[in-house]
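Architecture at a glance
The residues making up each chain are set out below.
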Amino acid sequence: MFAKIVPITLEAASVVAVVQKPLLKYLGEYMLKFLFKLFKATYVKHLDAQVEKYYNIYHFSMDPNHTSYNNEGDAFKHTFMSAEFSFILGRELAYKIGVLQEDLNPYNTEAERHMDLHNDEVGIEIGQKLKEHFIETLIKGLDDSIAEKVMDEMNAGNLITHI
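Residues numbered from 1 in each chain as written. Predicted model: local features only at pLDDT ≥ 70, side-chain atom pairs only at ≥ 80, totals over all residues. Heavy atoms only, no water.

**As for the nonpolar core**
Note the threshold: Residues enter a nonpolar core if they are buried and are Ala, Val, Leu, Ile, Met, Phe, Trp, Tyr or Cys, with the set joined through side-chain atoms within 4.5 Å. A 1.4 Å probe rolled over the protein chains alone gives each residue an accessible area, and that area as a share of the maximum for its type sets the label: buried under 20%, exposed over 50%, partly exposed in between. Numbering of helices and strands runs from the N terminus, with a helix taken as a DSSP run of H or I at least four residues long and a strand as a DSSP run of E at least two residues long. Contact between two residues is taken to exist if any of their heavy atoms lie within 4.5 Å; hydrogens are not considered.
Grouped together as the largest cluster of nonpolar side chains are 30 residues, with contacts concentrated most on F76, F80, I146, V150 and M154. Of all elements in the fold, only α4 (43-58), α5 (72-89), α6 (91-103), α7 (110-132) and α9 (142-155) reach the threshold of two or more residues within this core. In terms of residue count, the dominant contributor to this core is α5 (nine residues). When sequence neighbours within four positions are dropped, the list of residues in contact with F76 reads V51, Y54, Y55, Y58, F60, A147, V150, M151 and M154.

**Quick notes on α9**
Going by this rule: How far a helix is expected to stretch is found by multiplying one less than its residue total by 1.5 Å.
Taking 1.5 Å per residue as the helical rise, α9 with its 14 residues ought to reach 20 Å, and the 20 Å between its terminal C-alpha atoms agrees with that figure. Within the span of α9, buried status applies to L142, D143, S145, I146, A147, V150, M151 and M154. Phi turns positive, to about 80 degrees, at G157, one or two residues after α9.

**Overview of the packing of aromatic side chains**
Pairs of aromatic rings are described using the distance from one ring centre to the other and the angle between the two planes. Inclusion rule: Only Phe, Tyr and Trp rings take part, Trp by its six-membered ring, and two of them pair if their centres are within 6.5 Å. Stacked means planes under 30 degrees apart, edge-to-face means over 60, and tilted covers everything else.
Enumeration according to the criterion identifies nine aromatic pairs in this entry. On the numbers, 6.1 Å between centres and 50 degrees between planes, the contact of Y58 with F60 is tilted. The class for Y58 is partly exposed, based on a relative accessible area of 29%. Members of the aromatic cluster, connected to one another through ring pairs, are Y54, Y55, Y58, F60, F76 and F80.

**Regarding the pattern of salt bridges**
Two side chains carrying opposite charge are able to pair once their charged atoms lie near each other. The condition is simple: By convention in these notes, a salt bridge is any Lys or Arg side-chain nitrogen within 4 Å of a carboxyl oxygen on Asp or Glu.
Per the stated rule, a full pass over the model turns up six salt bridges. Among the salt bridges present, the one from D144 reaches K53, with a minimum N-O distance of 3.7 Å. Taken together, the residues span a long stretch of sequence, with D144 in helix α9 and K53 in helix α4 at a distance of 91 residues. The exposure class assigned to K53 is partly exposed, which follows from its relative accessible area of 36%. The salt bridge involving R113 is made with D103; its shortest N-O contact spans 2.8 Å. Here the residue R113 occupies a position in helix α7, and D103 occupies one in helix α6, the gap between them amounting to 10 residues. Residue D103 is classed as partly exposed on the basis of its relative accessible area of 49%.

**Here's the deal with the packing of α6 against α7**
When two helices pack together, their arrangement is captured by the angle between the axes and the distance separating the axes. Applied cut-off: Between N-to-C directions, angles span 0 to 180 degrees; the directions come from axes that are lines fitted to C-alpha atoms, helices contributing only their stretch in contact. Here roughly perpendicular refers to angles of 65 to 115 degrees, roughly parallel to angles under 35, roughly antiparallel to angles over 145, and oblique to all remaining angles. Note on convention: the crossing is left-handed when the near helix lies turned anticlockwise from the far helix by less than a right angle, right-handed when the turn is clockwise. Under the convention adopted here, Pro, Cys and the residues Ala, Val, Leu, Ile, Met, Phe, Trp and Tyr are nonpolar, Asp, Glu, Lys and Arg are charged, and Gly plus all remaining residues are polar.
Interaxial distance between α6 and α7 falls to 10 Å at its minimum, and their mutual angle equals 160 degrees. Considered as vectors, α6 and α7 are oriented roughly antiparallel to each other. As α6 runs across α7, the sense of the crossing is right-handed. On α7, the residues that touch R91, A94, Y95, G98, V99, E102 and D103 of α6 are E112, R113, D116, L117, D120, I124, E125 and Q128. The residue makeup of the contact of α6 with α7, split by class, is five nonpolar, two polar and eight charged.

Don't take any of this as a statement about function, it's just geometry.
If you want it as structure tokens, here you go:
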């Protein structure tokens, strides 16, 4: 049967309850768009604030009209958000959210889509690896753990930072 859907708060623990695994196989395009809008309205605002915090820490360019665009900041943002979605919601839903984000952006070129989806995939792997060390990750802090791993991947040349 369908999983129980509860209201989203900004606390990561409650986000897990939004979509349970039994519901995943029933998610169609309409439900994904609904969930995406729900995340945009609540949880993604929290993530945007966290990303901006790390932009300042790592000195990424912040254009006043667009937080970042096809640069290191954009790569960081996609990887960070996908890692957090992967850690909290799982690999499959994190992937679907990333693809949906690209599908809903009519201005993306094929190169931009490739860059974003590649970085999303790296983020999904980061989230899954951090989940293997769940307690240590939560003690250190999820966002700081993710940011550190994203920067490790960027410094290793594993993210696409320019097109």
